[in-house]
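Letter by letter, the chains look like this.
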Amino acid sequence: MELRLRGKAALVSGASRGIGLAIAERLAAEGMRVLLVARSADRIGEAAARLPGAAAFAADLRQPEAASQAVAAAVGAFGRLDLLVNCAGATQRGDFLALDDAAWADGYALKLFGAVRLSRAAWPHLRAAGGGIVHIAGVGGRQPGADFTIGGSVNAALMNLTKALADRGVAEGVRVDCINPGSIRTGRLTGRIAALAAERGLDQEAAARALAEQTGVARFGEPGEIAAMVAFLAGEEAGYIQGAILDVDGGWMRAV
Ligand SMILES: NC(=O)c1ccc[n+]([C@@H]2O[C@H](COP(=O)([O-])OP(=O)(O)OC[C@H]3O[C@@H](n4cnc5c(N)ncnc54)[C@H](OP(=O)(O)O)[C@@H]3O)[C@@H](O)[C@H]2O)c1
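Quick notes on the rules
- Counting restarts for each chain: residues are numbered from 1 in the order of the written sequence.
- Residues qualify for local features only when their pLDDT is at least 70, as the model is predicted, and side-chain atom pairs are given and counted only at 80 or more; totals for whole chains, interfaces and linings, by contrast, use all residues.
- No hydrogens and no water enter the side-chain calculation; it runs on all heavy atoms of the structure.
- Numbering goes from the N terminus for both helices and strands, where a helix is a DSSP run of H or I of at least four residues and a strand is a run of E of at least two.
- When we talk radius of gyration, it's over C-alpha atoms, and the globule rule is simply 2.2 Å times the number of residues to the 0.38.
- The classification of residues rests on relative accessible area computed with a 1.4 Å probe and restricted to protein chains. Under 20% of the type maximum is buried, over 50% is exposed, and intermediate values are partly exposed.
- The contact criterion used is simple: two residues touch if any of their non-hydrogen atoms lie within 4.5 Å.
- The method behind every accessible area is Shrake-Rupley, applied with a 1.4 Å probe, and residues are considered shielded solely by the protein chains displayed.
- When charges are counted, neither His nor the chain ends are considered; positive counts come from Lys and Arg and negative counts from Asp and Glu.
- The atom standing in for a charge is NZ when the residue is Lys, CZ when it is Arg, CG when it is Asp and CD when it is Glu.
- Any residue with a non-hydrogen atom lying within 4 Å of a molecule or strand is treated as near it.
- Here a polar contact is taken to be a pair of N or O atoms separated by no more than 3.5 Å, where protein atoms must pair a possible hydrogen donor with a possible acceptor and residues adjacent in sequence count only if both atoms sit in side chains.
- Amino acids are sorted into nonpolar (Ala, Val, Leu, Ile, Met, Phe, Trp, Tyr, Cys and Pro), charged (Asp, Glu, Lys and Arg) and polar (every other residue, Gly among them).
- Segmentation into domains, and thus their bounds, comes from an automatic or database assignment.
- Taken from the helix axis, the directions to the C-beta atoms give the arc we talk about.
- Two strands pair under a simple rule: DSSP has to find at least two bridges between them.
- Crossovers are described as right-handed under a simple rule: with the strands pointing away from the observer, the path leading from the first strand over the helix to the second runs clockwise.
- An axis is simply a line fitted to the C-alpha atoms; with a helix, the fit covers only the stretch in contact. Between two such axes, the angle follows the N-to-C directions and lies from 0 to 180 degrees.
- In these notes the angle categories are as follows: under 35 degrees is roughly parallel, over 145 is roughly antiparallel, 65 to 115 is roughly perpendicular, and the rest is oblique.
- Nonpolar cores were defined as sets of buried Ala, Val, Leu, Ile, Met, Phe, Trp, Tyr and Cys residues, with membership established by side-chain atoms within 4.5 Å.
- Throughout, the accessible surface (probe 1.4 Å) given up by two parts as they are put together, summed over both, is called the buried area.
- Any carboxyl oxygen of Asp or Glu within 4 Å of a side-chain nitrogen of Lys or Arg constitutes a salt bridge here.

Trainee: I would appreciate a short explanation of the overall build of the protein chain in the present structure.
Mentor: Looking only at helices and strands, the protein chain features 8 helices and 7 strands. For a compact globule of 256 residues, the expected C-alpha radius of gyration is about 18 Å, and the protein chain comes in at 18 Å, within 12% of that figure. Summarising its shape, the C-alpha atoms of the protein chain cover approximately 55 × 40 × 35 Å along the three principal directions. Here the protein chain holds 256 residues, and 50% of them are scored as buried. Of all intrachain contacts in the protein chain linking residues separated by at least 6 positions in sequence, the fraction that spans at least 24 positions is 68%. Accessible surface for the protein chain amounts to roughly 11700 Å². Of this, 53% is attributable to carbon and sulfur atoms. Considering the protein chain, the positive charge centre built from 27 side chains and the negative charge centre built from 26 side chains are found 4 Å apart.

Trainee: What exactly am I supposed to notice about the site of the ligand here?
Mentor: Surveying the vicinity of the ligand reveals 27 residues, the closest of which are Ser-16, Arg-39, Ser-40, Ile-184 and Thr-186. Here an oxygen atom of the ligand sits 3.0 Å away from a polar atom, N or O, in the main chain of Gly-14. Arg-39 places a polar side-chain atom, nitrogen or oxygen, 2.7 Å from an oxygen atom of the ligand. Burial of the ligand by the surrounding chains reaches 93%, relative to a free accessible area of 880 Å². For the shell around the ligand, the elements supplying multiple residues, two or more each, are helix H1 (18-29) and helix H4 (101-129). Residues that form the shell around the ligand fall into these classes: 12 nonpolar, 9 polar and 6 charged. Both domains that furnish three or more residues to the shell around the ligand are identified here as domain 1 (9-182 + 221-247) and domain 2 (183-220).

Trainee: Sorry if this is basic, but what is going on with helix H2 (residues 41-50) here?
Mentor: The α-helix winds at 3.6 residues per turn, so residues separated by three or four positions along the chain end up facing the same way. Of the residues making up H2, those classed as buried are Ile-44, Ala-47 and Ala-48. Buried residues in H2, looked at end-on, bunch into an arc of 100°, giving them a common side. Summarising the geometry of H2, the exposed residues directed more than 90 degrees from the buried face are Asp-42 and Ala-49. Along its buried surface, H2 packs onto H1, strand S2 (33-38) and strand S3 (55-58).

Trainee: Help me out: how do you make sense of the pairing of strand S4 (residues 83-86) in this one?
Mentor: A regular strand carries its side chains on alternate faces of the sheet. Because side chains alternate across S4, one face comprises the buried residues Leu-83 and Val-85, and the other comprises Leu-84 and Asn-86, equally buried. In this sheet, strand S5 (residues 132-136) lies alongside S4 in parallel orientation, the contact comprising 4 bridges. Its bridge partner being in S5, Asn-86 is matched across the sheet by His-135. Taking the sense of rotation as the criterion, the β-α-β connection linking S4, H4 and S5 turns out right-handed.

Trainee: I tried to follow the packing of helix H6 (residues 187-200) against helix H7 (residues 204-215) on my own but got confused; where do I start?
Mentor: Close contact between H6 and H7 brings their axes to 8 Å; oriented N to C, the two are set at 105°. Considering the angle they form, H6 stands roughly perpendicular to H7. Of the residues in H7, those in contact with Leu-189, Arg-192, Ile-193, Ala-194, Leu-196, Ala-197 and Arg-200 of H6 are Gln-204, Ala-207, Ala-208, Ala-210, Leu-211 and Gln-214. A class-by-class count of the residues in the contact of H6 with H7 yields 9 nonpolar, 2 polar and 2 charged.

Trainee: When you look at the pairing of S3 in this model, what are you seeing that I'm missing?
Mentor: Inspection of the sheet shows S2 paired to S3 by 4 bridges, in the parallel sense. When the sheet's bridge partners are listed, Ala-38 is paired in S3 with Ala-58. Each parallel crossover has a hand, and the one from S2 via H2 to S3 is right-handed.

Trainee: What exactly am I supposed to notice about the nonpolar core here?
Mentor: Among soluble globular proteins, nonpolar side chains are generally buried collectively. Core analysis: the biggest nonpolar cluster contains 37 residues, and Leu-11 and Leu-118 have the highest contact counts within it. Within the residue set of this core, elements represented by two or more residues are strand S1 (9-13), S2, helix H3 (66-78), H4, helix H5 (149-172) and strand S6 (175-181). If you tally residues by element for this core, the top one is H4, at 9 residues. For Leu-118, the residues in contact, after removing those within four places along its chain, are Leu-11, Ser-13, Leu-61, Ala-67, Ala-70, Val-71, Leu-84 and Asn-86. With 35 residues, the next largest nonpolar core counts Ala-10, Ala-231, Ala-234 and Val-248 among its residues.

Trainee: Hey, could you run me through the domain arrangement of the protein chain in this one?
Mentor: Often, the extent of an interface is quoted as the loss of accessible area on bringing the components together. Here the domain parsing of the protein chain yields domain 1 (9-182 + 221-247) and domain 2 (183-220). Between domain 1 and domain 2, the C-alpha centre-to-centre distance is 25 Å. Of the residues lining the interface, 14 residues belong to domain 1; the matching set on domain 2 comes to 8 residues. Between domain 1 and domain 2 lies a buried interface of about 870 Å² when both sides are counted; carbon and sulfur atoms form 47% of it. Looking only at domain 1, the three residues that lose the most surface to domain 2 are Arg-93, Gly-182 and Gly-221, adding up to 51% of its buried area. Scanning the region where domain 1 abuts domain 2 turns up 2 salt bridges. Arg-219 is paired through a salt bridge with Glu-225; the nearest N and O atoms lie 2.8 Å apart. Seen at the junction of domain 1 and domain 2, the total is 4 residue pairs in polar contact (both at pLDDT 80 or more).

Right, here's the structure in full:
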């Protein structure tokens, strides 16, 4: 399928590894120029060097000024901005009673306020280009869990933000959509598998099976499967998709 993304420009946050890196790679393969944003300057620099037309901007997106600087870097490098992908996120799991204010503030500072600030700074450029935003939230926003209070509530907030910005986007020609990944095989997931293995005295393979069984899926997803959905949403054939919240989760979410 020709997505007609060639020559367009994207900013991907959280692009140093995992889902964000896969998104940057896929968009570059579709011919987009991509600004990779994360803290690890060496990782995003290496990725930008091997992806045609890409550039890197190292920043801690919890810092209030980082978002507008990142957007300025994208527009400075490419002269336009067609797509913002808000993927950076690192919320802490654990016992609600053990999660202090700092853990909550940290999770919100990056995944919610980082996305809010990037969206606000990018909006005029996206409006000028007739572009769009894709938020990478998570099924935990629909399906709360006792040990995922920070991530779950942040993801629910991102879904609400998606609908609110899509409402504005109808009038201004900016499409805003959201993807909820299920369990995707990245460092975050292997960390959860290792923790479950230690907790239950299982080997890694048995712990992975147990985790998959908890959510009733046949297998874990791959970062490229989230990236493929981002590329589709960015493309012209998705032009009538506005404010959509799409679960890409192997069937985990069974609610209507
Ligand atoms: N993997 C899953 O199963 C899953 C499921 C549902 C939702 N998600 C969501 O998908 C997104 C990506 O997940 P992932 O599994 O790919 O995570 P990951 O491998 O841990 O990658 C997180 C990315 O965020 C960046 N990041 C972290 N702190 C940052 C900060 N302060 N400023 C800027 N960038 C920062 C990291 O780069 P640096 O460390 O270099 O800054 C990295 O590029 C997250 O928002 C996550 O909540 C993932």
